[in-house]
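Chain by chain, the residues run as shown.
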4 protein chains.
Amino acid sequence: MSKDALRRRYEELSQWPLVLLALLFVASYAWGVLRPDLPHPLLVTLRVVTVVAWPVFLGDYVLRLALADHRWRFVRQNWVDGLAVLLPLLRPLRVLSLVRVARVLDRRLTTSLHGRVAAYVTLTASLVVFMASLAVYDAERGAPGASITSYGDAVWWALTTITTVGYGDEYPVTGDGRLVAVLLMVSGIALLGVVTAAVASWFVGRVAEAAQAQDDADDAALLVEVRELADEVRRLRAELADRDELGAQPLRTTGSG
Amino acid sequence: MSKDALRRRYEELSQWPLVLLALLFVASYAWGVLRPDLPHPLLVTLRVVTVVAWPVFLGDYVLRLALADHRWRFVRQNWVDGLAVLLPLLRPLRVLSLVRVARVLDRRLTTSLHGRVAAYVTLTASLVVFMASLAVYDAERGAPGASITSYGDAVWWALTTITTVGYGDEYPVTGDGRLVAVLLMVSGIALLGVVTAAVASWFVGRVAEAAQAQDDADDAALLVEVRELADEVRRLRAELADRDELGAQPLRTTGSG
Amino acid sequence: MSKDALRRRYEELSQWPLVLLALLFVASYAWGVLRPDLPHPLLVTLRVVTVVAWPVFLGDYVLRLALADHRWRFVRQNWVDGLAVLLPLLRPLRVLSLVRVARVLDRRLTTSLHGRVAAYVTLTASLVVFMASLAVYDAERGAPGASITSYGDAVWWALTTITTVGYGDEYPVTGDGRLVAVLLMVSGIALLGVVTAAVASWFVGRVAEAAQAQDDADDAALLVEVRELADEVRRLRAELADRDELGAQPLRTTGSG
Amino acid sequence: MSKDALRRRYEELSQWPLVLLALLFVASYAWGVLRPDLPHPLLVTLRVVTVVAWPVFLGDYVLRLALADHRWRFVRQNWVDGLAVLLPLLRPLRVLSLVRVARVLDRRLTTSLHGRVAAYVTLTASLVVFMASLAVYDAERGAPGASITSYGDAVWWALTTITTVGYGDEYPVTGDGRLVAVLLMVSGIALLGVVTAAVASWFVGRVAEAAQAQDDADDAALLVEVRELADEVRRLRAELADRDELGAQPLRTTGSG
């Protein structure tokens, strides 16, 4: 089996276990962050899950990279996975692998490009806001002078940030919190870009449709002319063939006589 | 009558009564929020109108859903109505049904896609800002530590939010107020998207027009060539037919002689 | 002379005097706002200029409206002029008539659509920021609790607003100041829209160029084929004509013999 | 050698020395700003480098301008260099000449327009944020009432500004700091514009591809018809030529007989 086929087979087999692990990771992380008052042994178990998940993800990434035909292209196309593996702070990004699952599911639901984009944007933005809220709440909770002091505050802050509104009633003060904020701001710009682009392409498509219809009409008119011309030539040939029988035939008789 | 035709007939008949009810709902809601010093019986009446309107809207939505041929598509295409029916906080969104009326009216006024988009964007943004100001003012009015303390403040805050400026001199502190804020922020992103997209499609259209003109010229040139060719072939046939009369006829005589 | 020709002639004649008046108006307004410590008679003179300029602009607008063939279209196409005439607060917008002058000048300088758009955007944004700073400074100067207390602050605030950054270190507290702010925010969204759209159309143009080149190549190939075909038919006719001379001529002789 | 060829040759020769000087300039500037506690002689040396670099850049700009065939076009196409030479505050912008080097390098790495744009945007935004943080930190450090008091604060502030989030927890209070801020805000609008435009053109390209495929299919169908027609005409000619040999030849014999 070729290396690329092997990789595709591995990805097929590992997809669902990895998604389950990602869900388990996220659930453990969220539970640990949101309920610090849990009994100690449970907290330790949750922590163990989040710690153990990482080498699995790292192994998966390294294996897929090793099996890739074009390594540089693989790194570029899977940059979210790469970041999630390399930067401990960005590990929650692993949850974005759920978007890939959504891709499989939605093929059965919608077909239009715009519907699919709307679904991805909503899902990705929701996951990013959810995980960023957890991470920033985790980072800011105990910090002196912090304004983000509850999980509700963290979600509210994440939403004001990703929409680039930024009231400034809540903002992170720790280094880790600010790193999460930068990720959210960049996501915000990307979000704006994708929303605008989707609307713009819908518009342009509307305008282009009219132009296209005109173009198609022109092409169709031309096709009609060419076909009429072909008929004309065919009639000409038929007439000549006709004459061969009625008129030219005698010619040959004459000629042979 | 088919189910779909029935639905269309029902929508035609119910459109104006529902728009009137939406207006009544909005007026009662606005009056109740802005003038809490009204005599008690009047306030109760206003409240009754807003409460009674809801089951009517719910019934309308369920009826249209039941009459829809493609239910999933109906839900997707009428998601604003669905949200307004399901989430009590978003009931004021019902006012957006006025945009549908505008759609009927404007068909007589403007024809260009860009003019119509400009009109919808302005109308929708104004309605959203108006209703969001009312809702946030209602939610924040009595809250401790609130910065939005007058209706003027609420409008000002709504405008800084929907444009994603977000000074932070006013911001909601209650859960309901923040939910309204999230709606406004998302509207802001959509607003930016639509405005940008409209301008972009105008631009692209300008550039495409030139390309289209070139394309049309090419097509026209081709058409001219094909027509000339057809004339050539027709002349050829005519000449041959001519010869049949002048030259080939005698041939046959000769042949038969 | 037709009404439309009359209007065009009037607009040609009145353009420069009106631009001069707009400049005078802006200079008087700016001088009066920035130097409230001027001797009283001079301040009164400046105020008289700004007051007197308005009826002239109103008269100009009404006259052009009366001479317009399509009044509704005129109102839509000159909505900035209309707003500047109707709303006292927006009178400084009259300065945007300078953009129209720029349009005349730049025809000699640049020819590309993108260069022209960049020039307009820069000029319009600069004028809007300049006039909005003056207006907001005028409105906020004496207000209790105002944070915009110098002209430098006003310019800084205007820039943070039109770019939708909105730190919130400075913000208007008066009704007039907030109205100016809303104008700036809307301009900000328009600015973002136009900048994005210009960049997007450049991109799309780049991509479309390649497609167009392919399309042109296809059309050219088709044209070549059609021309070769036409040559073929022409050769055919020529050969038949040839035969008429060499072969068919005798036929007729034979026929007549 | 023509003036333009001379300029191109000069630019080739001077590129690498100038990039090295820009790097040296940036390193000296950054080191001087970030470590004001360095021994005095070293600080003086760093300052000398930043001061000496400027006349070199000025000389380079003037020389290239003198050698340019179209001076106005040169000024427009090299406006970043021009600003960096003219405004002392914007000298750090000189670092953007590194982007030009990247242009040379990346030709070997990526080929797609979108990949290249992503790389430029990331590189340019990073350089602008890095230099703006240094400049604003330098300007604000000692100012009374400043909120940007560490380099980390400056980077955080620069990021909230270029993404147009603008919390307002940190903001410049000095004139120089505000000038840097304005540059960042304008960069932010440009950044949003470019990101959105890149995504939009990708979308539009996707939609256009389908239309293009349809168009190509139409063109191909037409080409097939035209070729069939040409074959028809060729067969016609061949048949006539055939008859000339078999049938028409005797005609001439008859005619001559």
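Note that the coordinates shown come from a computational prediction; the quantities given were computed from them, not determined experimentally.

**Overview of helix H7 (residues 151-162) of chain A**
All names here are of chain A.
Stage number 1. Between its first and last C-alpha, H7 extends 16 Å over twelve residues, near the 16 Å set by a 1.5 Å rise per residue.
Stage number 2. Inspection of H7 places Asp 153, Ala 154, Trp 156, Trp 157, Ala 158, Thr 160, Thr 161 and Ile 162 among the buried residues, and these make up the whole buried set.
Stage number 3. Thr 164, located one to two residues past H7, shows a positive phi value of around 60°.

**Side note on the relation of the copies chain A and chain B**
One copy of the chain maps onto the second through a rotation around an axis plus a translation along that axis.
Stage number 1. Mapping chain A onto chain B leaves a residual RMSD of 0.2 Å; the transformation is a rotation of 90° accompanied by 0.2 Å of translation along its axis. What the rotation and shift describe, once combined, is the action of a four-fold rotation axis.

**Notes on the interface of chain A and chain B**
Stage number 1. Each partner contributes residues to the interface: chain A has 44 residues there, and chain B has 47 residues.
Stage number 2. Summing both partners gives a buried area of about 4000 Å² for chain A against chain B, and 70% of it is carried by carbon and sulfur.
Stage number 3. For the pair chain A and chain B, the interface holds two salt bridges.
Stage number 4. Joining chain A to chain B, the criterion identifies four residue pairs in polar contact (both at pLDDT 80 or more).

**Re a nonpolar patch on the surface**
Stage number 1. Taken together, Val 44, Val 48, Val 52 and Val 56 of chain A make up a surface patch of nonpolar side chains, about 300 Å² in accessible area.
Stage number 2. By secondary structure assignment, the location of Val 44 of chain A is in helix H2 (residues 40-67).

**Some details on the UniProt feature "domain: Potassium channel" (unreviewed entry) in chain A**
Stage number 1. Here the UniProt-annotated "domain: Potassium channel" (unreviewed entry) positions come out as residues 129-203 of chain A.
Stage number 2. The span residues 129-203 of chain A is 71% helix and 0% strand, and its two end C-alpha atoms sit 29 Å from each other.

**Here we look at the side chain of Arg 178 of chain D**
Stage number 1. Its location among the elements puts Arg 178 of chain D in helix H8 (residues 175-256).
Stage number 2. Taking relative accessible area as the criterion, Arg 178 of chain D reaches 15% and is therefore assigned buried.
Stage number 3. Beyond its immediate sequence surroundings of up to four residues, Arg 178 of chain D is in contact with Gly 152, Asp 153, Trp 156, Asp 169 and Glu 170 of chain C together with Pro 172 and Val 173 of chain D.

**Here's the deal with the environment of Ser 147 of chain B**
Residue and element names in this part refer to chain B.
Stage number 1. Mapped onto the elements of the fold, Ser 147 is located in the loop between helix H6 (113-140) and helix H7 (151-162).
Stage number 2. The spacing of Ser 147 and Tyr 171 is 24 residues in sequence and 6.4 Å in space, taken between C-alpha atoms.
Stage number 3. Ser 147 has contacts with Asp 153, Asp 169, Glu 170 and Tyr 171, leaving out every residue within four places of it along the chain.
Stage number 4. Here Tyr 171 takes part through its backbone nitrogen, which lies 3.0 Å from a polar atom of the side chain of Ser 147.

**Comments concerning the nonpolar core**
Stage number 1. Core analysis: the largest hydrophobic core is formed by 187 residues, its most contacted members being Trp 157 of chain A, Trp 157 of chain B, Trp 157 of chain C together with Trp 157 of chain D.
Stage number 2. Dropping the residues within four chain positions of it, Trp 157 of chain C is found in contact with Tyr 167 of chain B together with Val 136, Ile 148, Glu 170, Tyr 171, Pro 172, Ala 181 and Leu 184 of chain C.
Stage number 3. Core analysis: the next-biggest nonpolar cluster, separate from the first, contains 32 residues, Ala 230 and Leu 236 of chain A, Val 226 of chain B together with Val 226 of chain D among them.

**Observations regarding the packing of helix H2 (residues 40-67) of chain D against helix H4 (residues 79-86) of chain D**
Angle between the axes and distance between the axes are the two parameters that describe a pair of packed helices.
All names here are of chain D.
Stage number 1. Remark: H2 packs on H4, axes separated minimally by 10 Å, with the N-to-C direction vectors making an angle of 140°. By the angle class used here, H2 and H4 are oblique. Here H2 runs over H4; the crossing is left-handed. Between H2, through Trp 54, Phe 57, Leu 58, Tyr 61 and Arg 64, and H4, the contact on the second element is made entirely by Asp 81, Gly 82, Ala 84 and Val 85.
Stage number 2. Residue composition of the contact of H2 with H4, grouped by class: six nonpolar, one polar and two charged.

**Side note on the UniProt feature "transmembrane region" (unreviewed entry) in chain A**
Residues and elements named next belong to chain A.
Stage number 1. Mapped onto this numbering, the UniProt entry annotates "transmembrane region" (unreviewed entry) at residues 16-34, 46-67, 117-136 and 179-204.
Stage number 2. Along residues 16-34 the backbone is 100% helical and 0% strand, and the end-to-end C-alpha distance reaches 27 Å.
Stage number 3. Annotated as residues 46-67, this span is 100% helix and 0% strand, and its ends, taken at the C-alpha atoms, are 32 Å apart.

**Comments concerning H2 of chain A**
Stage number 1. For H2 of chain A, spanning 28 residues, the distance from its first C-alpha to its last is 42 Å, which sits close to the expected 40 Å at 1.5 Å a residue.
Stage number 2. Of all the positions in H2 of chain A, only Leu 46, Thr 50, Ala 53, Phe 57, Asp 60, Tyr 61, Arg 64 and Leu 67 of chain A are classed as buried.

**Considering the packing of aromatic side chains**
Stage number 1. According to the stated counting rule, one finds 20 aromatic pairs over all chains in the structure shown.
Stage number 2. Ring geometry for Trp 156 of chain B against Tyr 167 of chain B: centres 5.8 Å apart, planes inclined by 20°, an arrangement best described as stacked. One end of the pair, Trp 156 of chain B, is in helix H7; the other, Tyr 167 of chain B, is in the loop between H7 and helix H8 (175-256), with eleven residues separating them in the sequence. Side by side, Trp 156 of chain B and Tyr 167 of chain B carry an identical accessibility label, which is buried.
Stage number 3. Here the aromatic rings of Phe 25 of chain D and Tyr 29 of chain D are separated by 6.3 Å at their centres, their planes lie at 5°, and the arrangement is stacked. Remark: Tyr 29 of chain D and Phe 25 of chain D occur in helix H1 (residues 3-34); sequence separation between them is four residues, near one turn of the helix.

**Digging into the side chain of Ser 133 of chain C**
Stage number 1. Looking at the element boundaries, Ser 133 of chain C is found in helix H6 (residues 113-140).
Stage number 2. Beyond its immediate sequence surroundings of up to four residues, Ser 133 of chain C is in contact with Tyr 151, Ala 154, Val 155 and Ala 158 of chain C.

**So, unusual backbone geometry**
Residue and element names in this part refer to chain B.
Stage number 1. Of note, the phi angle at Thr 164 is positive, near 60°, even though the residue is not glycine.
Stage number 2. Along the chain, Thr 164 turns up in the loop between H7 and H8.
Stage number 3. Judged by its relative accessible area of 2%, Thr 164 is buried.

**Here's the deal with the pattern of salt bridges**
Residues and elements named next belong to chain A.
Stage number 1. Considering all chains together, one arrives at 32 salt bridges over all chains under this definition.
Stage number 2. Across the pair Arg 141 and Asp 138 runs a salt bridge, and its minimum N-O distance is 3.2 Å.
Stage number 3. Taking relative accessible area as the criterion, Arg 141 reaches 28% and is therefore assigned partly exposed.
Stage number 4. The class of Asp 138 is partly exposed, set by a relative accessible area of 35%.
Stage number 5. Each of Arg 7, Glu 11, Asp 60, Arg 64 and Asp 81 takes part in one network of salt bridges that share partners.

Criteria and cut-off values
- Residues numbered from 1 in each chain as written.
- Chains lettered and ligands numbered in written order.
- Predicted model: local features only at pLDDT ≥ 70, side-chain atom pairs only at ≥ 80, totals over all residues.
- Heavy atoms only, no water.
- Helix = DSSP H or I, 4+ residues; strand = E, 2+ residues; numbered from the N terminus.
- Expected span 1.5 Å × (residues − 1).
- Buried < 20%, exposed > 50% of the residue type's maximum accessible area, 1.4 Å probe, protein only.
- Least-squares fit on C-alpha atoms with pLDDT ≥ 70 in both.
- Contact = heavy atoms within 4.5 Å.
- Buried area = accessible area lost by both parts, 1.4 Å probe.
- Salt bridge = Lys/Arg side-chain N within 4 Å of Asp/Glu carboxyl O.
- Polar contact = N/O pair within 3.5 Å; in protein donor to acceptor, adjacent residues only side chain to side chain.
- Patch = residues over 30% accessible without salt bridge, like charges linked within 9 Å, V, L, I, M, F, W, Y side chains within 5 Å.
- Areas by Shrake-Rupley, 256 points an atom, 1.4 Å probe, with all protein chains shown as cover.
- UniProt positions renumbered as here; feature names shortened; annotations may be inferred.
- Core = buried A, V, L, I, M, F, W, Y, C linked by side-chain atoms within 4.5 Å.
- Axes fitted to C-alpha atoms, helices over the stretch in contact; angles between N-to-C directions.
- Parallel < 35°, antiparallel > 145°, perpendicular 65-115°, else oblique.
- Left-handed = near helix turned anticlockwise from the far one by under 90°.
- Nonpolar A, V, L, I, M, F, W, Y, C, P; charged D, E, K, R; others polar.
- Phe/Tyr/Trp six-rings, centres within 6.5 Å; stacked < 30°, edge-to-face > 60°.

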